[in-house]
Amino acid sequence: MTVPAAGSQPTRPTRFVVPDLCNPPALGVLVLVGELLVFVLLLAAGRLTWEALALTSLYVQWVVLTSAALLCWSRPWLLTMGIAQGAFVSFLLVMLVATLVSLVSERVMLGMAGYAEVALDWGRVGRQLAIAFIITGMALRYFYVQQQLREQEQSELQSRIQALQSRIRPHFLFNSMNIIASLIATDPDTAESVVEDLSELFRASLNDAGNQVTIGEELALCERYVRIEGLRLGDRLRIVWDVGEHPAGLRIPLLTLQPLLENAIYHGIQPLPEGGTITVRLRYEDGFVAVRISNPMPSLASRGESQGNRMAVNNIKSRLNVLYGAAALLSAEEDGPLYVTRLRYPYPAE
């Protein structure tokens, strides 16, 4: 099956991305970083005492936790903004929190010391705000760089998937067109059916790179492909579908099984004058999808010099690695008289 190169993806609008600060792990990291900042400030000032540690920690953690809560609450709104606008609004929100906490903490400290009527130490408030200014600017710069890296990574991954889906085998297209041409005069209904199957296969190949479909949809594409090849190979091609129970919404990367099935036909069935049987076995167990495709192993003389099996496996393996990382496994090897391809990838139960 020919898989044309996917079209270029539209450039996504650049927007400001605030990390999700609404979960305990993120808050834990913020608290830890804030406390490390307290130690740095006190060591730099040369006054690392228990009293100074307690008071400075109280101030910093109030700023950190309140700012996190405010950014978490306003995150849906901030995500609609551009980078400059979102960063500016986030900066103002954090500085507003820092200012309010500084003023309240100064007034509370003066009241506890019995100097409720004494004017605030604006110099100390200014120093606290200056530190908050620098730290907030560094944090927002960090978020901006992380966002750029994520977008670049996503763009590179999308390009890799498109390139890997663009490996073209023209034989299937030529054979299909020949079948259609030969059937138009003798069996127009079958010719029309072949055209419909072929159009569905090409419509799927033009879908977005890396798109995922249900197992049923992927198997339906495989069946369309087998019907077309069956017209060419006749009784030489036999398929056994062994699909076990699985969640209704179980998904798989589009056009993952079809190229493996194509290889099994071209390099397992086609070289054999008597043909053979391909078995497709699919199971869902313990949060993983496991697929096993087996086909007869032709003799070395029948095989020729083609290395199609290994090339297809490497292609699909690269696509799965992009999507799932090391959690996905794909192997192909001789197993007695059979050539067996095994696929396994994670899919947590809903």
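Residues numbered from 1 in each chain as written. Predicted model: local features only at pLDDT ≥ 70, side-chain atom pairs only at ≥ 80, totals over all residues. Heavy atoms only, no water.

**Some thoughts on helix 7 (residues 215-233)**
- Between its first and last C-alpha atoms helix 7 spans 26 Å; for 19 residues at 1.5 Å apiece the expected length is 27 Å, and the two agree.
- Listed in full, the buried residues belonging to helix 7 are Ile215, Glu218, Leu219, Leu221, Cys222, Tyr225, Val226, Ile228, Glu229 and Leu233.
- Residue Gly234 follows helix 7 closely and has a positive phi angle near 65°. (Helix = DSSP H or I, 4+ residues; strand = E, 2+ residues; numbered from the N terminus. Expected span 1.5 Å × (residues − 1). Buried < 20%, exposed > 50% of the residue type's maximum accessible area, 1.4 Å probe, protein only.)

**So, the side chain of Asn295**
- Tracing the backbone shows Asn295 in strand 5 (residues 288-296).
- The exposure class of Asn295 is buried, given its relative accessible area of 2%.
- The contact partners of Asn295, leaving out residues within four places of it in the chain, are Ala264, Gly268, Thr277, Ile278, Pro337, Leu338 and Tyr339. (Contact = heavy atoms within 4.5 Å.)

**Section: helix 2 (residues 50-78)**
- Taking 1.5 Å as the rise per residue, helix 2 with 29 residues should run 42 Å; its terminal C-alpha atoms sit 39 Å apart, in good agreement.
- At Cys72, helix 2 shows its largest bend, some 35°, and a proline, Pro76, comes one to four positions later. (Bend = angle between axes of the 7 residues up to and from the residue.)

**Re the pairing of strand 6 (residues 329-335)**
- Both strand 6 and strand 7 (residues 338-346) contribute to a ladder of seven bridges, which runs antiparallel. Looking at the pairing, Glu333 lines up with Val340 of strand 7.
- Linkage of strand 6 to strand 7, two consecutive antiparallel strands, is achieved through a turn of two residues, within which Gly336 is found at a positive phi near 70°. (Pairing = 2+ DSSP bridges.)

**Overview of a nonpolar patch on the surface**
- A cluster of nonpolar side chains, Ile131, Phe133, Ile134, Ile135 and Met138, forms an exposed patch at the surface whose accessible area comes to about 470 Å².
- Residue position: Met138 is located in helix 4 (residues 122-164). (Patch = residues over 30% accessible without salt bridge, like charges linked within 9 Å, V, L, I, M, F, W, Y side chains within 5 Å. Areas by Shrake-Rupley, 256 points an atom, 1.4 Å probe, with all protein chains shown as cover. Salt bridge = Lys/Arg side-chain N within 4 Å of Asp/Glu carboxyl O.)

**Here we look at the packing of helix 7 against helix 8 (residues 257-269)**
- Direction vectors running N to C along helix 7 and helix 8 enclose 25°, while the axes themselves pass 9 Å from each other. The orientation of helix 7 with respect to helix 8, classified from their angle, is roughly parallel. Helix-helix and strand crossings are classified by hand; for helix 7 and helix 8 the assignment is right-handed. Taken together, the residues of helix 8 that come into contact with helix 7 (itself represented by Glu218, Leu219, Cys222, Tyr225, Val226, Glu229, Arg232 and Leu233) are Leu257, Gln258, Leu261, Glu262, Ile265, Tyr266 and Ile269.
- Of the residues assigned to the contact of helix 7 with helix 8, the class counts are 10 nonpolar, one polar and four charged. (Axes fitted to C-alpha atoms, helices over the stretch in contact; angles between N-to-C directions. Parallel < 35°, antiparallel > 145°, perpendicular 65-115°, else oblique. Left-handed = near helix turned anticlockwise from the far one by under 90°. Nonpolar A, V, L, I, M, F, W, Y, C, P; charged D, E, K, R; others polar.)

**Considerations on the nonpolar core**
- Counting residues in hydrophobic clusters, the biggest one holds 48 residues, and the most contacted among them are Ile278 and Tyr345.
- If you tally residues by element for this core, the top one is helix 7, at eight residues.
- Here Ile278 is in contact with Leu237, Arg238, Ile239, Val240, Leu261, Ala264, Ile265, Ile269, Ile293, Ser294 and Asn295, once residues within four sequence places are set aside. (Core = buried A, V, L, I, M, F, W, Y, C linked by side-chain atoms within 4.5 Å.)

**Structural notes on unusual backbone geometry**
- Non-glycine residue Leu255 carries a positive phi angle of around 55°.
- Topologically, Leu255 is positioned in the loop between strand 3 (251-253) and helix 8.
- Of note in the backbone geometry, Asp286 takes a positive phi value of approximately 55° without being a glycine.
- On the secondary structure map, Asp286 appears in the loop between strand 4 (276-285) and strand 5.

**Comments concerning the pattern of salt bridges**
- On inspection of all chains with the given rule, the structure shows seven salt bridges.
- The shortest N-O distance in the salt bridge between Arg283 and Asp242 comes to 3.1 Å. You can see Arg283 sitting in strand 4 and its partner Asp242 sitting in strand 2 (residues 237-243), a full 41 residues away along the chain.
- Taken together, the shared-partner salt bridges in this structure form one network comprising Asp197, Arg224 and Arg227.

**Notes on the environment of Leu21**
- Locating Leu21 in the fold gives a position in the segment before helix 1 (24-45).
- When its relative accessible area of 11% is taken as the criterion, Leu21 is described as buried.
- When the C-alpha positions of Leu21 and Cys72 are compared, they lie 5.6 Å apart, and in sequence the two are 51 residues distant.
- What Leu21 contacts, discounting residues up to four positions off in sequence, is Ala26, Leu27, Leu30, Ala68, Leu71 and Cys72.

**Quick look at the packing of helix 1 against helix 2**
- Here helix 1 crosses helix 2 at 145°, and the two axes come no closer than 9 Å. Helix 1 and helix 2 meet at a crossing whose hand is right-handed. Contacts between helix 1 and helix 2 involve Leu27, Leu30, Val31, Gly34, Glu35, Val38, Phe39 and Leu42 from the former and Ala52, Leu53, Thr56, Ser57, Val60, Gln61, Val64, Leu65 and Ala68 from the latter.
- In the contact of helix 1 with helix 2, the residues fall into 12 nonpolar, four polar and one charged.

**Describing the pairing of strand 7**
- Sheet analysis places strand 5 next to strand 7, joined by nine bridges and oriented antiparallel. Of the residues in strand 7, the one forming a bridge with Phe288 is Pro346.

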